[in-house]
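A structural walkthrough
As a plain string of letters, each chain reads:
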Amino acid sequence: MSPRRKVEAEESDFFDVVPKPPRRWGLPLIAGLATLLLAAAITASALMLYAYNKGQDSSAKDAEALGYVRGFMTTYTTVDPFHANDYVDRILAQGTGDFAKKYKEKENDVLIQVARAEPTTGTVVEAGVQRWNEDGSADVLVATKVSEKSPDGKSTIESGNRWVATTIREGQQWKISQLNEVI
């Protein structure tokens, strides 16, 4: 057979209906499902990361407030009558709001009381954040222990107190805005 006849024989008729190959849905369906699954995984990961960071921020804020209140209460319950003026100045410097106002009003009474007292050593037994207030302050429940030597120096007297200290951050520093003894 000549090459020309071969080409003509292979050509199909113009009006012949040639069936289309069946459409394959498997690959587009799998690609669509994989895309949805990937988007869901990314969204879930982002939400978990956000929740984790929010928890970390809250924990760090709690730790800052607790650390400050522990230090303040140790200073507040440790009295040295030989440095009464320094004691009053230190406490007043760490106060703000109602606490500073009330402490300033009673500054002379506190000074006389500290000067007449026996030296004491205060320690914080435990502290915990009770709640965070809307103004950004924290109410911290603190248990303290105060030890003092008897006037003859032979025995040690210990007493314990519970306090609710309200602390607020002013600029870069925490301060005490209220201090109430819990009965």
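As the structure is a computational prediction, the values presented were derived from the model and not from experiment. (Residues numbered from 1 in each chain as written. Predicted model: local features only at pLDDT ≥ 70, side-chain atom pairs only at ≥ 80, totals over all residues. Heavy atoms only, no water.)

Overview of the pairing of strand β4 (residues 173–182)
Sheet topology note: the strand β3 (residues 156–170)/β4 ladder contains nine bridges and is antiparallel. For Trp163, the partnering residue across the bridge sits in β4 and is Glu181. Hairpin connection from β3 to β4: two residues lie between these consecutive antiparallel strands, with Gly171 at a positive phi of about 70 degrees. (Pairing = 2+ DSSP bridges. Helix = DSSP H or I, 4+ residues; strand = E, 2+ residues; numbered from the N terminus.)

With respect to the packing of helix α3 (residues 84–93) against helix α4 (residues 97–105)
The interhelical angle for the contact between α3 and α4, taken along N-to-C directions, is 155 degrees, at an axis separation of 9 Å. One finds that α3 runs roughly antiparallel with respect to α4. Across from Tyr87, Val88, Ile91 and Leu92 in α3, the residues of α4 making contact are Phe99, Ala100, Tyr103 and Lys104. In the contact of α3 with α4, the residues fall into seven nonpolar, no polar and one charged. (Axes fitted to C-alpha atoms, helices over the stretch in contact; angles between N-to-C directions. Parallel < 35°, antiparallel > 145°, perpendicular 65-115°, else oblique. Contact = heavy atoms within 4.5 Å. Nonpolar A, V, L, I, M, F, W, Y, C, P; charged D, E, K, R; others polar.)

With respect to the nonpolar core
Counting 27 residues, the largest nonpolar core has Phe72, Met73, Tyr76, Tyr103 and Leu179 as its most contacted members. When contributions to this core are tallied by element, the ones reaching two or more residues are α2 (26–77), α3, α4, α5 (107–116), β1 (120–132), β2 (138–149), β3 and β4. Considering each element in turn, this core owes the most residues, seven residues, to α2. Once you skip the residues sitting within four places of it in the chain, Leu179 turns out to touch Phe72, Met73, Tyr76, Phe99, Trp163, Val164 and Ala165. (Core = buried A, V, L, I, M, F, W, Y, C linked by side-chain atoms within 4.5 Å. Buried < 20%, exposed > 50% of the residue type's maximum accessible area, 1.4 Å probe, protein only.)

Looking at the pairing of β2
Of the pairings in the sheet, the one linking β1 to β2 comprises 11 bridges and is antiparallel in character. When the bridges of β2 are listed, Thr121 appears paired with Ser147. Bridge count between β2 and β3: 12 bridges; the pairing is antiparallel. Its bridge partner lying in β3, Ser147 is registered against Glu158.

As for a nonpolar patch on the surface
Taken together, the side chains of Leu29, Leu33 and Leu36 present a nonpolar region at the surface, about 340 Å² in accessible area. Along the polypeptide, Leu29 turns up in helix α2. On the basis of relative accessibility, which here comes to 55%, the residue Leu29 falls in the exposed class. (Patch = residues over 30% accessible without salt bridge, like charges linked within 9 Å, V, L, I, M, F, W, Y side chains within 5 Å. Areas by Shrake-Rupley, 256 points an atom, 1.4 Å probe, with all protein chains shown as cover. Salt bridge = Lys/Arg side-chain N within 4 Å of Asp/Glu carboxyl O.)

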